[in-house]
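# Examination of the molecular architecture
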Amino acid sequence: MDLIQQAFAWLIAPTSWIGDSGIARRLSEHLVFTVVVVGVAATIALPVGVVIGHTRRGTTLVSAATGAARAMPTLGLLTLLGLGLGIGLVAPAIALIVLASPSLLAGAYAGVQSVDRQTVDAARAMGMSEPAIIRTVELPLAAPLILGGLRSATLQVVATATLAAYTSNTGLGRYIFAGLKGREYAELIGGSALIVALALLLDGIFALVQRVTLRDPHRLPVTTERHHP
Amino acid sequence: MRWLSQNWETLLQLTASHLALVLPSVVLSFLIAVPIGWAAQRRRWARDPALTLVGILYAIPSLPLFVLIPVMFGLGLRSAANAIIVLTVYGTAIMVRSAADAFASVPEDARLSAAAIGHSSWQRLWMVELPLAIPVMVAGLRVLVVSTISMVTVASVIGIQNLGTLFTDGFQRGIVAEVVAGLVVTVLLALVLDGGCILMARLLTPWTVSQRRVRGASAWT
Amino acid sequence: MIEFSSVFKHYPDGTVAVDDVSFTVASHSTVVLVGSSGSGKTTLLRMVNRMTDPTRGRVLIDGNDVAEMDPVQLRRSIGYVLQAGGLLPHRTVVENIATVPRLRGASRSVATKRAYEVLEIVGLDASLGKRYPAQLSGGQQQRVGVARALAGDPNILLMDEPFGAVDPIVRRSLQRELRALQQELGKTILLVTHDIDEAMTLADEIIIISSGGKLAQRGTPTEVLTRPADAFVAEFVGVGQPERRLRLREENGVELVTDGLGRPIGTLDR
């Protein structure tokens, strides 16, 4: 329990928050890094997922990518790229973009693919062009699943950005590695708690956003069928 | 290749340690998750708390958990128990949802008919619901196995020996071959165990094979 | 004998599924519950083996209130045939049929032997025994459903839309077979259908349930057709419909029976 008290003391001490390796700096590094990585991954993966979902061509790519990302150890990719590209931010950024893309790809694909074919057929029969179908029919209906993909990708990047501190001097993960090396347990435990809090906070924000978007008045309520005749 | 020929003993040893962490975690996660998944599916009051809890657990990054769990449970940072607990937490989070989906996939007709011909509720669970849940359950188990094999490598940065040790050691000493060997062996291990899951599912669910055959045949009739 | 005594079924949301229904099913007879969908006829059927319990009233089998029996034991003693057979998809035909004997504690070999016996009774080839339900046609699945219900040699058979999932031609032949089977076995059968023609074909006695779960009329097929109790029954049975208003005329020296619109149905057999 003593360790927890020390960690708490470290967390609330003003001196921990300022300076080049202060919490404020590390936290913003972590967040900016996460936003950039998710942004780049989304720019690449979302359009691809939407096109695959729309055309139904290349569906094996989606399952292969998600399977590979699941089997690929993050740390292995980080260290391999770190050895090749040096200890800057480029190596972890590439590794995380590669690993975050499949969730986004799968979310976009699943979202568009789940839209009722009859609805799409009806839109086509009314004379809508394919881009118009994607824009006005498929994307709005796919939004919840796309958002779900964005949520899991973000959480994944927040988590792996911690690991990125192993090969580069960035983010909240530094407290863990520095703490382990220097046996600074307050920093080690306090830093860990901060990362957990950040992840839960982001997850909560996403949950809130999802709840608000799902409350779309155009969406019909789900009715359950009565079982007894 | 030269690194491999000089270090294959280390590789074998690390693979063994890797499995010694992965297998108990997978078994524990499965045993914990299946009853929770069942309750989440069949008991209305359990659904929201179970799925919310699972969502929260899944959102927590693994590395800080490797630090916090030993503090909470008074374990050694580098103990195998620490790694197994962390991996079980994630494994359970993954598996609860799959188990709930698996029980949801059991046809209502089959449940009803099982009750109507006189299965007690226990018999219905063991003899009807569980076997019929296997296909979806195994899909979840495959995700569980592959993710656990990959995730355990993270534990190497706090000094728990497994195939991830090849990454940390290779990185610190600048040996690319060692890191590559680690990646290849980890992915291979995942592929092999995943294949094992598929094989096991085939053996346990002969009726799905026959359904596939019938579906194929229906094109001709 | 099955006896329904002032049975009600209300649901918490206020729906009334069964409203004060009383009737008896005599031993060794076939009674058919017929009514439009949602009339509560299946609910009545399910009260016999306690898949549903009545809100008020009693269901008695040979004078014993089912409410006092253990539901699981009760269900094992009653044959139940569900729509599409209600077969368990993960068990072979023989395993499905052997289920009830096994649940009652019979050894695997005894139960399997019994399963092959009833498979023959319902007219299926023993070679189908090792197949899974998905590998059978709809009609075969239905027969296996009947075989499974017979495997425990129950006195009572409950059948819930047993031929609802097969095409009309197969349904006809299954109905004929059920009648032949019943002649031989003399079970007490309570059957639910929404098809009045099926009721006419199979029933010793028909019980017509109106929407709202009220008993509209009970009687033999002849009584229901010749003396409908009210306008609802007349409409349901189709008393005034051309299909039921048959005529006789002579064509090519043969006495031809036609419906009310003059369409031929068959020839007269004197």
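Residues numbered from 1 in each chain as written. Chains lettered and ligands numbered in written order. Predicted model: local features only at pLDDT ≥ 70, side-chain atom pairs only at ≥ 80, totals over all residues. Heavy atoms only, no water.

### As for the overall build of chain C
Across its full length, chain C carries nine helices and 13 strands. Summarising its shape, the C-alpha atoms of chain C cover approximately 60 × 50 × 30 Å along the three principal directions. Evaluated residue by residue, chain C yields a buried proportion of 51% over its 270 residues. Total accessible area on chain C is roughly 12500 Å²; 48% of this is exposed by carbon and sulfur atoms. (Helix = DSSP H or I, 4+ residues; strand = E, 2+ residues; numbered from the N terminus. Buried < 20%, exposed > 50% of the residue type's maximum accessible area, 1.4 Å probe, protein only. Areas by Shrake-Rupley, 256 points an atom, 1.4 Å probe, with all protein chains shown as cover.)

### Some points on the nonpolar core
With 115 residues, the main nonpolar core has A:Leu96, B:Leu63, B:Met137 and B:Ile158 as its most contacted residues. With 13 residues, the top contributor of residues to this core is helix α6 (residues 121-151) of chain B. In terms of nonpolar packing, the next biggest core, distinct from the first, is built from 43 residues, C:Val144, C:Leu178, C:Ile208 and C:Val224 among them. (Core = buried A, V, L, I, M, F, W, Y, C linked by side-chain atoms within 4.5 Å.)

### Quick look at the pattern of salt bridges
The full count for this structure, using the stated rule, is 22 salt bridges over all chains. With a shortest N-O distance of 2.9 Å, C:Glu251 and C:Arg249 are connected by a salt bridge. Put simply, B:Arg42, B:Glu108, B:Arg111, B:Arg124 and B:Glu129 are held in one network by salt bridges that share partners. (Salt bridge = Lys/Arg side-chain N within 4 Å of Asp/Glu carboxyl O.)

### Concerning the interface of chain B and chain A
The interface of chain B with chain A comprises 36 residues on the first partner and 32 residues on the second. Taken together, both faces of the contact between chain B and chain A bury some 2900 Å²; the carbon and sulfur share is 85%. Connecting chain B to chain A are zero salt bridges. Put simply, chain B and chain A have three residue pairs in polar contact (both at pLDDT 80 or more) between them. The set of elements that each furnish at least two residues to the side of chain B that touches chain A consists of α2 (44-59), α3 (62-73), α6, α7 (165-173) and α8 (176-204) of chain B. (Contact = heavy atoms within 4.5 Å. Buried area = accessible area lost by both parts, 1.4 Å probe. Polar contact = N/O pair within 3.5 Å; in protein donor to acceptor, adjacent residues only side chain to side chain.)

### Comments concerning a nonpolar patch on the surface
A contiguous nonpolar surface patch, about 410 Å² in accessible area, is contributed by B:Val176, B:Val180, B:Val184, B:Leu188 and B:Leu191. Within the secondary structure layout, B:Leu188 lies in helix α8. (Patch = residues over 30% accessible without salt bridge, like charges linked within 9 Å, V, L, I, M, F, W, Y side chains within 5 Å.)

### Notes on the sheet that holds strand β13 (residues 264-267) of chain C
Residue and element names in this part refer to chain C. With antiparallel pairing, the three strands of this open sheet are ordered in space as β11-β12-β13. Each end of this open sheet is capped by a strand with a single partner; those strands are β11 (247-251) and β13. Pairwise comparison of adjacent strand axes, ignoring direction, gives a mean angle of 35 degrees for this sheet. Inspection of the sheet shows strand β12 (residues 254-258) paired to β13 by three bridges, in the antiparallel sense. Each bridged residue has a counterpart across the sheet, and for Leu256 the counterpart in β13 is Thr267. (Pairing = 2+ DSSP bridges. Axes fitted to C-alpha atoms, helices over the stretch in contact; angles between N-to-C directions.)

### Description of unusual backbone geometry
Phi is positive for A:Arg56, which is not a glycine, with a value near 60 degrees. Looking at the element boundaries, A:Arg56 is found in the loop between α3 (23-55) and α4 (59-71). One non-glycine residue, C:Asp62, lies in the positive phi region at around 50 degrees. As for its placement among the helices and strands, C:Asp62 is situated in the loop between β4 (56-61) and β5 (64-65). For C:Asp62, a relative accessible area of 53% puts it in the exposed group.

### Thoughts on the sheet that holds strand β6 (residues 78-81) of chain C
All names here are of chain C. Sheet architecture is open: six strands sit in the order β6-β7-β8-β3-β9-β10, paired in mixed fashion. Each of the sheet's edge strands pairs with one partner strand only, and the pair in question is β6 and β10 (214-219). Ignoring strand direction, the axes of neighbouring strands in this sheet form an average angle of 15 degrees. As paired strands, strand β9 (residues 205-210) and β10 are joined by five bridges and run antiparallel to one another. In the sheet register, Ile208 faces β10, and the bridge partner there is Gln217.

### Section: the packing of helix α1 (residues 2-42) of chain B against helix α4 (residues 80-104) of chain B
Taken N-terminus to C-terminus, the directions of α1(B) and α4(B) make an angle of 35 degrees; their axes are 6 Å apart at the nearest point. Handedness of the crossing formed by α1(B) with α4(B): right-handed. (Left-handed = near helix turned anticlockwise from the far one by under 90°.)

### Details of the environment of B:Pro64
Looking at the secondary structure, you find B:Pro64 in helix α3. With a relative accessible area of 0%, B:Pro64 lands in the buried category. Apart from the residues within four sequence positions on either side, B:Pro64 is in contact with A:Thr162, A:Ile176, A:Ser192, A:Ile195 and A:Val196.

### Things to note about the domain arrangement of chain C
Entries for chain C in the domain assignment read domain 1 (1-77 + 155-238), domain 2 (87-146) and domain 3 (240-270). Averaged C-alpha coordinates put domain 1 of chain C and domain 3 of chain C at centres separated by 32 Å. (Domains from an automatic or database assignment.)

### Focus: the confidence of the model for chain A
Detailed reading of predicted coordinates is not advised where the pLDDT is low. Confidence along chain A averages 85 in pLDDT terms, with 93% of residues attaining 70 or more. Note on residues 217-229 of chain A: pLDDT is under 50 here. Beyond four places in sequence and across chains, it has 16 contacts. (pLDDT = per-residue confidence, 0-100.)

### Digging into the side chain of C:Gln142
All names here are of chain C. Note that Gln142 resides in helix α5 (residues 138-151). Since its relative accessible area comes to 0%, Gln142 is described here as buried. A polar contact is formed between the side chain of Gln142 and the backbone oxygen of Pro162, at a distance of 2.5 Å. Among all residues touching Gln142, those that are not within four sequence positions of it are Val81, Leu82, Gln83, Ala84, Gly85, Pro162, Phe163, Ala165, Val166 and Leu174.

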